[in-house]
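Examination of the molecular architecture
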Amino acid sequence: MQTSRRDFLKSTAFAGGGLILGFNWFESVASKPVAVTAAAPLNFNAYLSIGMDGIVTIFSPNPEIGQGIKTAFPLIVAEELDVDWKKVKVEQAPLDTTRFERQTAGGSGAIPHSWKRLRVAGATARQMLINAAAKRWGVPAAECTASQSMVIHTPSGKKLSYGELAQEAAQIAPPTDVKLKEVGSFKLIGKSIKGVDNQEVLTGKPLFGIDFYREGMRFAMLQRPPAFGLKLKSVDATAAKAMPGITDVVTFKNNVAVVGKSTWEVKKAREVLKIEWEKAAELENTADHDRIFKELMADNSKATVRRKDGDVEAAFKNAAKVVEAEYQCPFLPHNPLEPMNFFAHVREDGVELVGPTQTPQAARNDVAKLFNIAPEKVSVQLTRMGGGFGRRLRTDFALEAAELSSLIKAPVKVIWTREDDMGGGIYRPAVRYRFKAALDKDGNMIGYALRGVGMNTANSTREDNFPSGCVPNLLIDTAEHKSPITVGAWRAPITNFLAFAEQSFLDEVALAAGKDPVTFRLELLDKAKNQPTGAIKYNIDRTRKVIELAAEKSGWFKKRKGVHLGFSVYYSHASYVAQVAEVVVQKGKPVIQKVYAAVDCGVVINESGAKNQVVGGIVDGLGHAMYGNLTFKNGEPEQRNFGAYRLIRFNEIPADVEVHFVNNGIDPTGLGEPALPPTGGAAANAIFKATGQRLRNQPFVEQTDILG
Amino acid sequence: MAQYKLKINGRDYQADVASDTPLLWVLRDHLGLVGTKYGCGIAQCGACTVHLNGEPTRSCVLPVSAVGGAKVTTIEGLSENGDHPVQQAWDELDVPQCGYCQAGQMMTAAALLKKNSKPSDAEIEATMSSHLCRCGTYHRIRDAVKLAATKTK
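Conventions adopted
Residues numbered from 1 in each chain as written. Chains lettered and ligands numbered in written order. Predicted model: local features only at pLDDT ≥ 70, side-chain atom pairs only at ≥ 80, totals over all residues. Heavy atoms only, no water. Helix = DSSP H or I, 4+ residues; strand = E, 2+ residues; numbered from the N terminus. Rg over C-alpha atoms; globule rule 2.2 N^0.38 Å. Buried < 20%, exposed > 50% of the residue type's maximum accessible area, 1.4 Å probe, protein only. Contact = heavy atoms within 4.5 Å. Areas by Shrake-Rupley, 256 points an atom, 1.4 Å probe, with all protein chains shown as cover. Lys, Arg positive; Asp, Glu negative; His and termini not counted. Charge placed at Lys NZ, Arg CZ, Asp CG, Glu CD. Core = buried A, V, L, I, M, F, W, Y, C linked by side-chain atoms within 4.5 Å. Pairing = 2+ DSSP bridges. Axes fitted to C-alpha atoms, helices over the stretch in contact; angles between N-to-C directions. Salt bridge = Lys/Arg side-chain N within 4 Å of Asp/Glu carboxyl O. Phe/Tyr/Trp six-rings, centres within 6.5 Å; stacked < 30°, edge-to-face > 60°. Lys NZ or Arg CZ within 6 Å of the ring centre and 35° of its normal. Domains from an automatic or database assignment. Buried area = accessible area lost by both parts, 1.4 Å probe. Polar contact = N/O pair within 3.5 Å; in protein donor to acceptor, adjacent residues only side chain to side chain. Nonpolar A, V, L, I, M, F, W, Y, C, P; charged D, E, K, R; others polar. Parallel < 35°, antiparallel > 145°, perpendicular 65-115°, else oblique. Left-handed = near helix turned anticlockwise from the far one by under 90°. pLDDT = per-residue confidence, 0-100.

For chain A, the helix and strand inventory stands at 16 helices and 28 strands. Computed over the C-alpha atoms, the radius of gyration of chain A is 28 Å, within 12% of the 27 Å expected from 2.2 N^0.38 for a compact globule of 708 residues. Each of the 708 residues in chain A was classed as buried or not, and the buried ones make up 61%. In chain A, the share of contacts with a sequence separation of at least 24, taken over all contacts with a separation of at least 6, comes to 75%. Element-wise, carbon and sulfur atoms account for 50% of the exposed surface of chain A, whose accessible area totals about 26000 Å². Measuring between centres, the 89 positive side-chain charges of chain A sit 2 Å from its 77 negative side-chain charges.

Written out as structure tokens, the structure reads:
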């Protein structure tokens, strides 16, 4: 966050009395507060209102996918406002690019982006309420303080509630120099606060996109190409059109849409479509990918250099020992439990979109482009999402709903079945890595080379991550295969597998060097600190701290009989996470019984939400490392539902996950993703210690008999 | 198409649907009871779990014609005021992340506790393993089932 930005507020009394505050952080605009009315178009980034009944409504602009942003954002505002949390009402704001910035759920970026602006928002409103009270009492504002939705005149003990002050406060010019609280003095931030939607979630209220209903709305399912590389040749929809409840069958792009009065009717009618598909591109098999990976790995002419330090060739020539290993993972579907769905109503005067999207602005822009209309003509209402994991960063589902609505001239909700969702995905791409390390006679890593071969991924590495900077001679390069299979961001893109491969390989190198894995990592960090090579884009001290904390909490250096520990540490999305997996052997099989996590995300906003993210990230990381596998035959995904595709279940989780936060007061960073990348490596390193088997590929179940 | 009379959450409903329509879609599309969720359609994920005469049942594979006079309970009818012991426990332990699977999880947990108010860890595991939570809230689900057990009379 740039501190040079001018933060200022706008205020107005709104109909019925009360205070509405909006916040604008554009650098270039005038800094004078502007009076506006609630009905006027407001150039706000966020706003809160205080009713005369004392209820504070805080609008949460960002999409809620289960990461807890709808609780975390208002919590930050409420902290600086000194409001009684019980009097806060949280409402989901629609997409509004004139009021808000970055209404996106992605990259674990919402908290770092909004941390300061949300605090300034709360603190400014608090000061206006204090100023209003001081004016009424005729006392200096400096003699007043605020607590639990009350302004208090300290010398006299007089009190006024926020509700009583709201109208007068709205007339006060918003101060531009408010003081934010000291990090150590937070009353709400850092506590465990329950999800603001809990009651509605737990009583089955219609919150999710798939729950959306509009009178007169049609239901639709699309038949999309069943394999990557096929396109539509011909459709015979006679039988489908004759099915009960069917109102339209329309074809657009490579889709055949069956439209009707209910989900079940359109699903059944879709089954009787007679469609011919034709080949438009190579129909790839998983075996083809395995071959392509090996070919590209061996071809230096296809590689693009991402980072080069020193002289790697010489380092390997002079090495006392060379360690080399290759790691590979499959494609993965995102599988949010709520399948893709979207509502669209294309009218003469504009387009209404409602549904689960991580990127409402992109949905608006893409739909506007489709119809060649101004983006302002497209409204997007955000629903709670039954998971996202990156799949809902895309806009395909919103586009097809909009296009279909325009063709049938009716409001429509498009629903994907699980088979549609898993089979027509935008997958985590398969990738293969080759690591090489050169050790000198004392076990120092003097050379490091990594080649990543990606599928539709130009750079499958993170070339500036650890251990870059710790090794004098280093080469990181990448090659890419262009596939007809669509790929995209999947929770912790790239690092969700790169971290596993790198952290597993570092254990292989530590073993070859005869060093303890934790000591080996700390020694590398010492080198980055004392003799850095090239740019270092992670914080060495923070990395060290989480390593030490995880080692301490897991009892890393205390040997326990029959207990095997595996270590991993990773920096992603600006947070630092170290993990230790604890494995025992039962009935001859390794069992991961516990995972310890040490997390540095700076200030912890909501302890309950933060722990939920860390534990969930670990379970997710472990589940996909152990079981996740999407394979292709003639371009067609071979797993299309939870029968053939295995997601981790209750009986397969580690019995315990212990989470420790560094909580060092540094401005907070995100947690939606950073806990996931280290998990697979910690597990594989522990399994190696327990069994002697080095797992270099995912899923683990394809290589070893593992007990969940 | 045929008329089906259904007893849901203590109320009488009628739906004019094809006989093979799964109860899930009758609830969601025809009766406006959308708390019961679609996740897989093949009884693998448990998001669609309702009670049929008190038994946890996957409504996505239950044709409406097979419901007959059975009493159906959905998440909307699990308690009058959203304060069933499992709902209280789920809230107290702040279980949900995205929350999509939780209605199904709670329906199964509630049925378990009705039969067995003090389930062992193994019984909880065996029962709850039939549900998927994509966000990975299983640890809190486990603790919430145990907490709900202490609240169950």
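What follows continues from the structure just given.
To continue, consider the nonpolar core. Ranked by size, the top nonpolar core spans 141 residues in total, and within it Met445(A) and Trp90(B) carry the most contacts. The greatest single-element share of this core, amounting to 10 residues, is contributed by helix 12 (residues 495-513) of chain A. Beyond its immediate stretch of four places on either side in the chain, Met445(A) contacts Ala437(A), Ala438(A), Leu439(A), Pro467(A), Val471(A), Pro472(A), Leu506(A), Val509(A), Phe520(A) and Leu524(A). By size, the runner-up hydrophobic cluster in this structure holds 43 residues, among which are Ile58(A), Ile111(A), Leu165(A) and Ile189(A).

For the rest of this paragraph, the subject is the sheet that holds strand 22 (residues 473-481) of chain A. Residue and element names in this part refer to chain A. Strands sit in the order 14-22-21-20-15 across an open sheet of five strands; the sheet is mixed. Looking at the sheet topology across the chains shown, the edges are occupied by strand 14 (304-309) and strand 15 (321-329). Strand-to-strand twist across the sheet, computed as the mean angle between neighbouring axes with direction ignored, equals 10 degrees. Contacting strand 15, strand 20 (431-439) and strand 21 (445-455), helix 12 crosses the sheet at an angle of about 155 degrees to strand 15.

Moving on to the pattern of salt bridges. Residues and elements named next belong to chain A. What the rule picks out here adds up to 57 salt bridges over all chains. The residue Asp-507 makes a salt bridge to Arg-521 at a minimum N-O spacing of 2.8 Å. With Asp-507 in helix 12 and Arg-521 in helix 13 (residues 517-530), the pair connects residues that are 14 residues apart, well separated along the chain. We note that Asp-507, like Arg-521, is buried. The partner of Asp-656 in a salt bridge is Lys-594, with the nearest N and O atoms 3.5 Å apart. Highlighted residues: Asp-656 in strand 28 (residues 656-661) and Lys-594 in strand 25 (residues 589-600), separated in sequence by 62 residues. The network of salt bridges with common partners includes Glu-79, Asp-82, Arg-126, Lys-181 and Lys-187.

Time to look at the packing of aromatic side chains. Residue and element names in this part refer to chain A. All chains considered together, the criterion is met by 22 aromatic pairs over all chains. Of the aromatic side chains, those joined through ring pairs into one cluster are Tyr-327, Tyr-433, Phe-435, Tyr-448, Phe-497, Phe-500, Phe-505 and Phe-700. Lying over the aromatic face of Trp-416, Arg-224 brings its terminal NZ or CZ to 3.6 Å of the ring centre. Just above the ring of Phe-688 sits the side chain of Arg-694; from NZ or CZ to the centre is 4.5 Å.

All names here are of chain A. Spatial strand order, 23-24-25-28: four strands in an open sheet with mixed pairing. Since the sheet does not close on itself, it has two edges, and those belong to strand 23 (564-572) and strand 28, each with one partner. Put simply, the sheet's adjacent strands are angled 20 degrees from each other on average, direction ignored. As paired strands, strand 25 and strand 28 are joined by six bridges and run parallel to one another. In the strand pairing of strand 28, Lys-594 is matched with Asp-656.

What follows is about the domain arrangement of chain B. All names here are of chain B. As assigned here, chain B comprises domain 1 (2-77) and domain 2 (85-151). Measuring from the centre of the C-alpha atoms in domain 1 to the corresponding centre in domain 2 gives 21 Å. Across the domain 1 to domain 2 interface the summed buried area is about 1200 Å²; carbon plus sulfur atoms make up 60%. Taken together, the links from domain 1 to domain 2 amount to one salt bridge. Glu-55 serves as the salt-bridge partner of Lys-115, at 3.1 Å between the closest nitrogen and oxygen. Along the contact surface separating domain 1 from domain 2 lie six residue pairs in polar contact (both at pLDDT 80 or more). For the side of domain 1 that touches domain 2, the secondary structure elements donating two or more residues are strand 3 (49-52) and strand 4 (55-58). Of the residues assigned to the side of domain 1 that touches domain 2, the class counts are six nonpolar, eight polar and three charged.

Right, let's get into the interface of chain B and chain A. Taken residue by residue, the interface counts 53 residues in chain B and 61 residues in chain A. Of the roughly 4600 Å² buried between chain B and chain A on both sides combined, carbon and sulfur atoms contribute 57%. On the chain B side of the interface with chain A, the three residues burying the most area are Gln97(B), Arg134(B) and His139(B), jointly 18% of the side's total. Counting every contact that joins chain B to chain A gives five salt bridges. With a closest N to O distance of 2.7 Å, Asp20(B) and Lys268(A) form a salt bridge.

All names here are of chain B. At their nearest, the axes of helix 3 (residues 102-115) and helix 4 (residues 121-128) sit 10 Å apart, and the two run at 140 degrees to each other. Accordingly, the angle class assigned to the pair helix 3 and helix 4 is oblique. In the packing of helix 3 onto helix 4, the handedness of the crossing is right-handed. Mapping the contact onto sequence places Gln-105, Thr-108, Ala-109 and Leu-112 in helix 3 and Ile-124, Thr-127 and Met-128 in helix 4. Of the residues that constitute the contact of helix 3 with helix 4, the class distribution is four nonpolar, three polar and no charged.

Attention now goes to unusual backbone geometry. Glycine aside, negative phi is the norm for most residues, and most peptide bonds take the trans geometry. All names here are of chain A. The peptide bond linking Phe-466 to Pro-467 adopts the cis configuration, its omega dihedral lying at 5 degrees. Structurally, the position occupied by Pro-467 is in the loop between strand 21 and strand 22. In this model, Gln-698 is joined to Pro-699 through a cis peptide bond whose omega is 0 degrees. With respect to the helices, strands and loops of the structure, Pro-699 is situated in the segment after helix 16 (677-691). Phi angles above zero are rare outside glycine, and Gln-148 is one such case at about 50 degrees. Phi angles above zero are rare outside glycine, and Lys-409 is one such case at about 50 degrees. Along the chain, Lys-409 falls in the loop between helix 10 (396-408) and strand 19 (412-415). On the basis of relative accessibility, which here comes to 69%, the residue Lys-409 falls in the exposed class.

Predicted confidence across chain B gives a mean pLDDT of 97, with 99% of residues reaching 70 or more. Interface confidence for the predicted complex, given as ipTM, is 0.98, next to a pTM of 0.94.

What follows concerns the pairing of strand 25 of chain A. All names here are of chain A. The buried fraction of strand 25 is high, at 10 of 12 residues. Across 11 bridges, strand 24 (residues 575-586) lies against strand 25 in antiparallel orientation. Residue Val-580 lies in a different strand from strand 25, and its bridge partner there is Tyr-596. In textbook terms, the turn of a hairpin is the stretch between consecutive antiparallel strands, and for strand 24 and strand 25 this stretch comprises two residues, one of which, Lys-587, has a positive phi near 50 degrees.

Our focus in this paragraph is the domain arrangement of chain A. All names here are of chain A. Each domain of chain A was delimited in the assignment, giving domain 1 (5-197), domain 2 (209-280 + 340-415) and domain 3 (303-331 + 427-702). The centre of domain 1, based on its C-alpha atoms, is set 40 Å off from the matching centre of domain 3. Taken together, the 20 residues of domain 1 in the interface contact 17 residues of domain 3. Here domain 1 packs against domain 3, burying approximately 1300 Å² in sum over the two surfaces, 57% of which is carbon and sulfur. Where domain 1 meets domain 3, there are zero salt bridges. Counting every contact that joins domain 1 to domain 3 gives 10 residue pairs in polar contact (both at pLDDT 80 or more). At the level of secondary structure, the elements contributing two or more residues to the side of domain 1 that touches domain 3 comprise helix 1 (69-81) and helix 2 (110-137). In terms of residue count, helix 1 provides more of the side of domain 1 that touches domain 3 than any other element does, four residues in total. A class-by-class count of the residues in the side of domain 1 that touches domain 3 yields 11 nonpolar, eight polar and one charged.

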